[in-house]
Amino acid sequence: MNTMHKMQVLSDSAQYDLCDYVNRHTSSSANLPGIYHSTVSSGCTIPLFKVLMTNKCCNDCKYCINNSKRNFTRIELTPRELTRVFLHYYQKKYVNGLFLSSGISGDIDSSMEKVVEVARLLRLEHGYQDYIHLKIIPGASRDIIKRAMGLADRVSVNIEAATPSGLSEISSTKDYHTDIIRRLKWIRAIHKKNPECAPSGGTTQLIVGANDESDADILKRVKWLYDKMDVRRSYFSTFQPLEETPLEKRPPGNPIRSSRLYQADALLNSYKFKVDELIFQEDGFLDSTLDPKYAAAINMDIFPVEINQGPYRDLIRVPGIGTLSARRIISIRKKHPFKKLEELKKIGVVVHRAEPFIKLEGNYQSSLDSF
Ligand code: SF4
């Protein structure tokens, strides 16, 4: 099998690992395997080369096409093969960065070693300085994680589930606390001591819909990851049943659910909401028909907020006012108090959403009932 054929297989094998923020590249300029668009820490979308080193794996994750129980052709790229293909894509400007994962071929550390070797070859032998994201294999040793972080911009460990019991529903070979949480703690400690190691920090990913966890379970866990583990970002991957996997008959996850989770996650991560400010239905799920910020706002007793006096904390709780527009309001109102809705519109407030929740110079803009 030639290298490009292996690339096609391993790029397809990486699909289990796609979050809803990563899309397969469709441009005809590069109809080649392994090119995906991804949102990076700055919020920009960049084309990344995303591939597995190998689809061999001794784990039995039930949602994954590479799980050890499946009988299919297993292949592996060498670090030098992968480096060569990546540099070709990079020099042709098909991609701006590398996102590298691996199944487990042999033991965990020798698989992780090959991932780190690709980053070493790129950085030290080829002088490559752009983006590298390395996925840490659950159970990898502290030493190898530290070396990975010394070479990568960002690392991640997929937590997959919100609770230990949720993980045991979908994998019998990964231990939630030992293989995953302990590794996240090491990443936090290594980055804290050496901020130049993985300067963009650590991220994680959860699968939505592969087990019976609720949105409340998921959002409590991601809040804990932000507050206690210094995780920069959580990604959600909507479960898709794959043929010949143990979960092939489970209904697919709902992408609308994942997009509501992303909205609620932004409230926890960027707006610093507490989980108990979010509104869940009795079964622990968000109302899929409502924006979580709006659902939270109609249950808060802080409204209407006076635009010319309200604190930042209250302003960012107004639907239609984001963190940037709240900061603009605060810096402008000192010298030029706002008098009209049009002035708010000019600085980025989505006025028709904000109206029922604000007062301008003491006047209500509209009532929630009329809204
Ligand atoms: S560890 Fe699990 S999710 Fe990752 S490749 Fe192996 S079976 Fe798939």
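- Taking an unreviewed UniProt entry as the reference, the chain is identified by name as Radical SAM protein belonging to Methanobacterium alkalithermotolerans.

### Section: the packing of helix α1 (residues 3–13) against helix α2 (residues 79–91)
Okay, so step 1: The N-to-C vectors of α1 and α2 enclose an angle of 85°; their axes lie 11 Å apart at closest approach. One finds that α1 runs roughly perpendicular with respect to α2. Here Thr-3, Met-4, Lys-6 and Met-7 of α1 lie close against α2, whose contacting residues are Glu-81, Arg-84, Val-85 and Tyr-89.
Okay, so step 2: Of the residues belonging to the contact of α1 with α2, the class tally is four nonpolar, one polar and three charged.

### Some thoughts on the pattern of salt bridges
Okay, so step 1: With the rule as written, the count across this model stands at 19 salt bridges.
Okay, so step 2: Among the ionic pairs, Glu-113 bridges to Arg-147, the shortest N-O distance being 2.9 Å. Taken together, the residues span a long stretch of sequence, with Glu-113 in helix α3 (residues 108–125) and Arg-147 in helix α4 (residues 142–151) at a distance of 34 residues.
Okay, so step 3: Under the relative-accessibility criterion, Glu-113 is labelled partly exposed at 34%.
Okay, so step 4: With a relative accessible area of 34%, Arg-147 lands in the partly exposed category.
Okay, so step 5: Note that Glu-277 and Arg-313 form a salt bridge whose closest N and O atoms lie 3.6 Å from each other.

Conventions used here
Residues numbered from 1 in each chain as written. Predicted model: local features only at pLDDT ≥ 70, side-chain atom pairs only at ≥ 80, totals over all residues. Heavy atoms only, no water. Axes fitted to C-alpha atoms, helices over the stretch in contact; angles between N-to-C directions. Helix = DSSP H or I, 4+ residues; strand = E, 2+ residues; numbered from the N terminus. Parallel < 35°, antiparallel > 145°, perpendicular 65-115°, else oblique. Contact = heavy atoms within 4.5 Å. Nonpolar A, V, L, I, M, F, W, Y, C, P; charged D, E, K, R; others polar. Salt bridge = Lys/Arg side-chain N within 4 Å of Asp/Glu carboxyl O. Buried < 20%, exposed > 50% of the residue type's maximum accessible area, 1.4 Å probe, protein only.

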